[in-house]
Amino acid sequence: MGLFDKKFCDICGEKIGLLGNRKLEDGNMCKDCAKKLSPFFSDRRSSTIDEIKQQLAYREQNKQALAAFTPNLTFGEDKKIYVDTMNGNFVVSRFNKGSWSEENPDVMPLSSIMSCTLKIDEDKDEIYTQGKDGQRVSYSPPRYNFYYDFILEFKVTNPYFDEFEVTLNDTRVEGVGTIEYNRFQQMAMQVISTLTPGAAMPNMNMGGMNMGMGMNGGMPMNNGMPMNNGMPMNNGMPMNNGMPMNNGMPMNQGYAPQGGFAQQNPYAQQQNPYAQQNPYQQAPNAAFGAAAGGYAAQQPNAYAQQPVQPAAQGWVCPACGARNGESRFCECCGTPRQ
């Protein structure tokens, strides 16, 4: 059989025109039959004639389901995601309802969704300045404008495809933290929470790397507020090495003053005799006894009057049980040797 011999479609039997052949694993298919396949289907070349016929039968049934599909939610500006929450189905299409007859988008149950992940693709254009000779030159260091695409990656259970992507924006979104950036970010989170209710909070993938909820230049955001050099912010106030701050002042080692870790700290439960006799805790404005009426004179240092004699075999801290050498204070918790 020659290269340019006439071929017939093994699906519909019609003659295949020039450049109209679509190869199958064990035959040929015309481009008209190929158009009837699912828009998410990508394994045509490895499919048999019988498998293609089965899919086309499924696609005819899909037309009936599409006629009964009544969406009440719509997301996206490029490919749109239409959701029928009453019947638990959704459709993905670039066209509006009423223009679906030719495309015949798949009606998929929400229960078929295995996962839905947001991927934010980043692109950049270099910014140039004008040199002395009028030619454009790069800044030193180079400067860029950054642009983003918000892409939802779906994994589903379907006999003819198992994954597909939906780009929410129809034009590139400029700049992290802009109104448009935040709008599509929030839209993506709403889609995920609508289509996968009860699922764990989604990951976002930026530049091939999994990130947390919300993005700020590749860094997570906290309640819509950007993070400070990768550290979350507390009501707009930066946190201290990842620990929340109180009116701009760091909290006590990041532990809450009530109900926090300090209540469960065994050292906090056991009173520290040295802390009770700390003159700066009892008289913060004493200034070595002057402002507090001579604190140093009124309350002599009990440890200075009763020096501890070092033991040859070391000693065990009564507060935490740690064994120490000849130090006067516990090397673990700071309790004075008695």
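First, a word on scope: everything that follows refers to the structure included in this document. Values in this document were obtained by computation on a predicted structure and should not be read as measured data.

## Observations regarding the packing of aromatic side chains
Part 1 of the argument: Counted under the stated rule, the structure contains 12 aromatic pairs.
Part 2 of the argument: Considering the side-chain rings of Phe40 and Phe164, the 4.2 Å spacing of their centres and the 15° angle between planes classify their relative orientation as stacked. Here Phe164 lies in strand E11 (residues 163-167) and Phe40 lies in the loop between helix H1 (31-35) and helix H2 (49-67), a separation of 124 residues in the sequence.
Part 3 of the argument: Residue classification places Phe164 among the buried positions, given a relative accessible area of 6%.

## Comments concerning the state of the cysteines
Part 1 of the argument: One pass over the structure, following the stated rule, counts 0 disulfides.
Part 2 of the argument: Left unpaired, Cys33 is separated from the closest cysteine sulfur, that of Cys30, by 3.6 Å.
Part 3 of the argument: Classification of Cys33 as buried rests on a relative accessible area of 5%.

## Some details on the nonpolar core
Part 1 of the argument: Formed by 44 residues in total, the largest nonpolar core has its most connected members in Ile81, Phe90, Leu152, Phe154 and Phe164.
Part 2 of the argument: Broken down by secondary-structure element, the contributors of at least two residues to this core are strand E4 (28-30), H2, strand E6 (80-84), strand E7 (89-93), strand E9 (113-130), strand E10 (136-156), E11 and helix H3 (179-195).
Part 3 of the argument: Residue contributions to this core peak at 8 residues, all from H3.
Part 4 of the argument: Aside from chain neighbours lying at most four places away, what touches Phe90 is Phe69, Ile81, Tyr82, Val83, Asp106, Val107, Met108, Pro109, Leu110, Ile113, Phe164 and Leu195.
Part 5 of the argument: Leu66, Phe69, Val91 and Trp100 belong to the second largest nonpolar core, which has 6 residues in total.

## Observations regarding the pairing of E9
Part 1 of the argument: Bridging between E9 and E10 involves 17 bridges; their strand directions are antiparallel. By the bridge assignment, Ile120 is partnered in E10 with Phe150.
Part 2 of the argument: What sits between the antiparallel neighbours E9 and E10 is a turn of 5 residues, in which Gly134 has the positive phi angle 90°.

## As for the pattern of salt bridges
Part 1 of the argument: Tallying each qualifying case throughout the model produces 10 salt bridges.
Part 2 of the argument: Note that Glu60 is salt-bridged to Lys63, the shortest N-O span being 3.3 Å. Of this pair, Glu60 and Lys63 both sit in helix H2, 3 residues apart, which is roughly one turn of the helix.
Part 3 of the argument: Lys63 gets classed as partly exposed once you look at its relative accessible area, which sits at 41%.
Part 4 of the argument: One salt bridge connects Lys119 with Glu153, and the closest N-O pair in it is separated by 3.4 Å.

Conventions adopted
- Residues numbered from 1 in each chain as written.
- Predicted model: local features only at pLDDT ≥ 70, side-chain atom pairs only at ≥ 80, totals over all residues.
- Heavy atoms only, no water.
- Phe/Tyr/Trp six-rings, centres within 6.5 Å; stacked < 30°, edge-to-face > 60°.
- Helix = DSSP H or I, 4+ residues; strand = E, 2+ residues; numbered from the N terminus.
- Buried < 20%, exposed > 50% of the residue type's maximum accessible area, 1.4 Å probe, protein only.
- Disulfide = S-S within 2.5 Å.
- Core = buried A, V, L, I, M, F, W, Y, C linked by side-chain atoms within 4.5 Å.
- Contact = heavy atoms within 4.5 Å.
- Pairing = 2+ DSSP bridges.
- Salt bridge = Lys/Arg side-chain N within 4 Å of Asp/Glu carboxyl O.

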